[in-house]
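# Examination of the molecular architecture
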Amino acid sequence: EPEVTQTPSHQVTQMGQEVILRCVPISNHLYFYWYRQILGQKVEFLVSFYNNEISEKSEIFDDQFSVERPDGSNFTLKIRSTKLEDSAMYFCASRDSGDRTEAFFGQGTRLTVV
Amino acid sequence: GQQLNQSPQSMFIQEGEDVSMNCTSSSIFNTWLWYKQDPGEGPVLLIALYKAGELTSNGRLTAQFGITRKDSFLNISASIPSDVGIYFCAGHSRDFGNEKLTFGTGTRLTIIP
């Protein structure tokens, strides 16, 4: 069964460093997303991406964040200068086009900023 | 912004019991989705609802899309140990021209031995 895959599963980084979280969405999907979940809290929307551009972004997704689809399969989230409060699980998701809005999630990357 | 409130926040039940949880919103959604999350894992889609009033089943799970489009419920019948986890509702609305899922606050299900 097709699935969304994310790497790495766990990343530890020092405050102020840049990190890139990687995702391979399901192959025929056209909408891509990043979500964040701080430990014990709900899943929060960061950004959606369609047709090689950002469709929507939340207030969390400020100038330190960026997304890219560098080739036909990968979808990345870059955090330019990490802060302690960026520590969270980051989930990538994708969905098909059209009226079916069911998004499928990856296993997540646990980011720990120290 | 759009907010989804789930209740109850947590449930402690015995194996074999039925479970009911719901989700209410201040806004209308076109789609309601229910996800389950195990510790350290990503949300897994359980059920998708696309029409107001729609009642959909997936095995022991049944979910309904409220008539007002501002609420949904999820029922689990005859709970088993692997039902333990956090259940999230999520709404999608195209009316606002946006492209995102808004997640609820979650219901944590625990089964007491």
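Residues numbered from 1 in each chain as written. Chains lettered and ligands numbered in written order. Predicted model: local features only at pLDDT ≥ 70, side-chain atom pairs only at ≥ 80, totals over all residues. Heavy atoms only, no water.

On to the sheet that holds strand S7 (residues 65-68) of chain A. All names here are of chain A. Strand order across the open sheet formed by 4 strands is S1-S3-S8-S7, with antiparallel pairing between neighbours. The open sheet terminates on both sides in strands that have one partner only, identified here as strand S1 (5-7) and S7. On average, each strand axis in the sheet is inclined to that of its neighbour by 20°, with strand direction left out of account. Note that S7 and strand S8 (residues 75-79) share 4 bridges and pair antiparallel. Looking at S8, one finds that Phe65 is bridged to Ile79. (Pairing = 2+ DSSP bridges. Helix = DSSP H or I, 4+ residues; strand = E, 2+ residues; numbered from the N terminus. Axes fitted to C-alpha atoms, helices over the stretch in contact; angles between N-to-C directions.)

Residues and elements named next belong to chain B. Reading across the sheet, the 5 strands line up as S1-S3-S8-S7-S6 and stay open at both edges, with antiparallel pairing between neighbours. Strands with a single pairing partner mark the edges of an open sheet, and in this sheet they are strand S1 (4-7) and strand S6 (55-58). Direction aside, neighbouring strands of the sheet carry axes that sit 15° apart on average.

We now examine the nonpolar core. In terms of nonpolar packing, the biggest core is built from 22 residues, with Trp34, Leu46, Phe61, Val67, Phe75, Leu77 and Tyr90 of chain A touching the most fellow members. Put simply, the parts of the chain that give this core at least two residues each are strand S3 (19-24), strand S4 (31-37), strand S5 (44-50), S7, S8, strand S9 (88-95) and strand S11 (109-113) of chain A. Ignoring any residue separated from it by four or fewer positions in sequence, one finds Phe75 of chain A in contact with Leu21, Arg22, Cys23, Pro25, Phe32, Tyr33, Trp34, Phe49, Val67, Glu68 and Cys92 of chain A. Judged by nonpolar contacts, the second largest core, of 21 residues, contains Leu46, Leu61, Leu74 and Ile76 of chain B. (Core = buried A, V, L, I, M, F, W, Y, C linked by side-chain atoms within 4.5 Å. Buried < 20%, exposed > 50% of the residue type's maximum accessible area, 1.4 Å probe, protein only. Contact = heavy atoms within 4.5 Å.)

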